[in-house]
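In case you want the letters, here they are:
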Amino acid sequence: MGEGINDYTKNMVDLRRHMWMAGVEEELRRLIWQIAVVGKYISAKIHEANRKLAGIKNIYGDDQLSLDCAADDILRSQLQFSGFVREYASEELEDIVKIGSGKEKYIVTADPLDGSSLVETNLAIGTIIGIHKESILDTGRNTMVAALYITYGPLITMIYSAGKGAHEFVLNREGEYVLAQENIKLKEKGSIFSPGGLRRDWIPAHLKFIEQLEKDGYKLRYSGGFVPDINQVLIKKGGLFTYPALQKSPQGKLRLLFELQPMAFIMEQAGGLATDGKEDILSLKVENVNKCSPVYIGSPTEVRMAKQFLN
Ligand code: AHG
Ligand code: MN
Ligand code: MN
């Protein structure tokens with residue numbers, strides 16, 4: 001007797017079932033699910049762009065929107081009608097926009113496409129999402145209730161946390177996000193480091209810190225894509241990613257709201273830490289949507305070591 005669908009699905013925990021079993025509240029479950037589905041559409045856009053790069057005309061014949069804007073358009077239009085989102089903030093928009101009726105429960109922040117400059121190299125890129133209950137700028141406090149990121153690599157994977165651990169899913173051939181590992185926990189100490197920025201631009205304290213990691217035999221792993229670089233620290237269960245303060249830009253390059261706080265939320269759920277060198281990333285006030293911050297994020301030993309060198 002051929003393998004029936006029941007046999008096939010009996011050991012499969014898909015994203016919706018996992019969130020239900022984890023006790024994630026219903027509207028948040030449905031919002032996370034809808035965002036995960038958008039990942040499939042964004043992935044299709046990436047492939048389409050690659051076809052374009054391969055000289056094949058864009059299938060719609062229109063001007064190829066920059067991929068960042070196309071990803072943002074897809075995400076925003078899906079969230080507009082989700083019934084769960086009242087405000088949307090995106091790296092591709094000047095400011096927070098009101099969407100829906102205004103009575104919806106959540107506010108979503110997005111880096112719709114992180115690492116778009118890597119598309120033509122066929123390296124992995126990603127989408128970063130933060131889900132908040134209160135308006136971000138008004139409170140200044142962090143009211144994130146969930147965060148997720150999608151990695152568009154050889155496989156499409158998604159890591160989400162709704163405050164009950166960090167869990168990895170893989171998009172299978174049937175288009176289901178299937179649980180790959182749950183409650184990811186970082187070791188106290190890792191063996192890789194991912195140092196952004198140019199060495200000649202580093203401030204002296206940061207240079208000394210990196211030289212110590214090199215002396216201690218940490219292996220350098222840096223792709224230039226924040227999502228895969230962070231994902232590597234998480235899946236290897238340890239290590240450190242940093243994009244530091246630079247002499248000419250003391251706030252570094254990465255955006256607190258769209259990139260750093262969602263990743264800090266997930267990394268802390270996995271037993272990691274995330275700091276700007278002094279304060280926790282999640283405790284920093286988001287003064288404006290494009291505020292940047294230096295970042296040291298990963299397993300506790302390396303993050304604490306960074307703080308010692310920087311203070
Ligand atoms: P984005 O594509 O969303 O603008 O982000 C790019 C960021 C991030 O992905 C990565 O960590 C960083 O740029 C790399 O910067 P460098 O090229 O200076 O290393
Ligand atoms: Mn980015
Ligand atoms: Mn981006």
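This structure is a prediction, so every number in the text was calculated from the model and none was measured.

Looking at the coordination of the manganese ion (ligand 3)
So, point 1. Coordination of the manganese ion (ligand 3) by the protein comes from Glu 91 (OE), Asp 111 (OD) and Leu 113 (O), over a distance range of 2.1 to 2.3 Å.
So, point 2. For the manganese ion (ligand 3), the donor residues sit on a single chain with the sequence spacing E-x19-D-x1-L.
So, point 3. In this structure, the manganese ion (ligand 3) lies 3.6 Å away from the manganese ion (ligand 2), the two metals sharing Asp 111 as a donor.

Some thoughts on the site of ligand 1
So, point 1. Asp 114, Gly 115, Tyr 222, Tyr 243 and Lys 253 are the nearest of the 16 residues found near ligand 1.
So, point 2. At 2.9 Å from an oxygen atom of ligand 1 is found a side-chain nitrogen or oxygen belonging to Asp 114.
So, point 3. In the complex, 77% of the free accessible area of ligand 1, which totals 480 Å², lies under the protein chains.
So, point 4. Those elements that place two or more of their residues in the shell around ligand 1 are strand S3 (106-114) and strand S11 (240-243).
So, point 5. With three residues, the top contributor of residues to the shell around ligand 1 is S3.

A closer look at the sheet that holds strand S10 (residues 219-220)
So, point 1. In spatial order, the strands read S10-S9-S11-S13-S12; together these five strands make up an open sheet with mixed pairing. Only two strands of the sheet have a single partner each, and these edge strands are S10 and strand S12 (273-275).
So, point 2. Pairing analysis gives two bridges linking strand S9 (residues 192-195) to S10, with the strands arranged parallel. Looking at S10, one finds that Phe 193 is bridged to Leu 220.
So, point 3. Helix-sheet contacts for helix H7 (residues 226-235) involve S9, S11 and strand S13 (295-298), and the interaxial angle to S11 is about 150°.
So, point 4. Contacting S12 and S13, helix H8 (residues 256-269) runs over the sheet at an angle of about 30° to S13.

Considerations on the layout of surface pockets
So, point 1. One number sums up the size of the largest pocket: a volume of about 290 Å³.
So, point 2. Around the largest pocket, the lining comprises 20 residues; the ones closest to its centre are Asp 114, Gly 115, Gly 224, Lys 253 and Leu 254.
So, point 3. Counting only elements with at least two residues in the lining of the largest pocket, the list comes to S3 and S11.
So, point 4. Among the elements that make up the lining of the largest pocket, the one with the highest residue count is S3 (three residues).

A few points about the confidence of the model for the chain
So, point 1. Mean pLDDT over the chain works out to 91, with 91% of the residues at or above the 70 mark.
So, point 2. Of the regions scoring below 50 in pLDDT, residues 54-64 engages in twelve contacts with residues more than four places distant in sequence or in other chains.

Things to note about H7
So, point 1. Burial within H7 is extensive, with eight of its ten residues counted as buried.
So, point 2. The set of residues buried in H7 consists of Phe 226, Val 227, Pro 228, Asp 229, Ile 230, Asn 231, Val 233 and Leu 234.

So, the domain arrangement of the chain
So, point 1. Parsing the chain into structural domains produces domain 1 (8-181) and domain 2 (192-310).
So, point 2. Taking the mean C-alpha position of each, domain 1 and domain 2 sit 23 Å from one another.
So, point 3. The interface is formed by 41 residues belonging to domain 1 together with 29 residues belonging to domain 2.
So, point 4. Buried surface at the junction of domain 1 and domain 2, both sides included, amounts to about 2,500 Å², of which 66% is carbon and sulfur.
So, point 5. By the criterion of area lost to domain 2, the three top residues of domain 1 are Glu 91, Ile 128 and Tyr 149, representing 21% of everything that side buries.
So, point 6. Our enumeration of links across domain 1 and domain 2 arrives at one salt bridge.
So, point 7. Among the ionic pairs, Arg 255 bridges to Glu 91, the shortest N-O distance being 3.2 Å.
So, point 8. Connecting domain 1 to domain 2 are seven residue pairs in polar contact (both at pLDDT 80 or more).
So, point 9. Those elements giving two or more residues to the side of domain 1 that touches domain 2 turn out to be strand S1 (85-90), S3, strand S4 (125-132), helix H5 (136-139), strand S5 (144-152) and strand S6 (156-161).
So, point 10. If one sorts the elements of the side of domain 1 that touches domain 2 by residue count, S5 sits on top with eight residues.
So, point 11. Class assignment for the residues of the side of domain 1 that touches domain 2 results in 21 nonpolar, 13 polar and seven charged.

Basis of the calculations
- Residues numbered from 1 in each chain as written.
- Chains lettered and ligands numbered in written order.
- Predicted model: local features only at pLDDT ≥ 70, side-chain atom pairs only at ≥ 80, totals over all residues.
- Heavy atoms only, no water.
- Donors = N, O, S within 2.8 Å, 3.2 Å for Na, K, Ca; no water.
- Near = heavy atom within 4 Å.
- Polar contact = N/O pair within 3.5 Å; in protein donor to acceptor, adjacent residues only side chain to side chain.
- Areas by Shrake-Rupley, 256 points an atom, 1.4 Å probe, with all protein chains shown as cover.
- Helix = DSSP H or I, 4+ residues; strand = E, 2+ residues; numbered from the N terminus.
- Pairing = 2+ DSSP bridges.
- Contact = heavy atoms within 4.5 Å.
- Axes fitted to C-alpha atoms, helices over the stretch in contact; angles between N-to-C directions.
- 1 Å grid on protein atoms, 1.4 Å probe; cavity = no way out; pocket = protein on both sides within 12 Å on 5 of 7 lines; lining within 4 Å.
- Points joined across faces, edges and corners; volume = space filled by probe spheres on them.
- pLDDT = per-residue confidence, 0-100.
- Buried < 20%, exposed > 50% of the residue type's maximum accessible area, 1.4 Å probe, protein only.
- Domains from an automatic or database assignment.
- Buried area = accessible area lost by both parts, 1.4 Å probe.
- Salt bridge = Lys/Arg side-chain N within 4 Å of Asp/Glu carboxyl O.
- Nonpolar A, V, L, I, M, F, W, Y, C, P; charged D, E, K, R; others polar.

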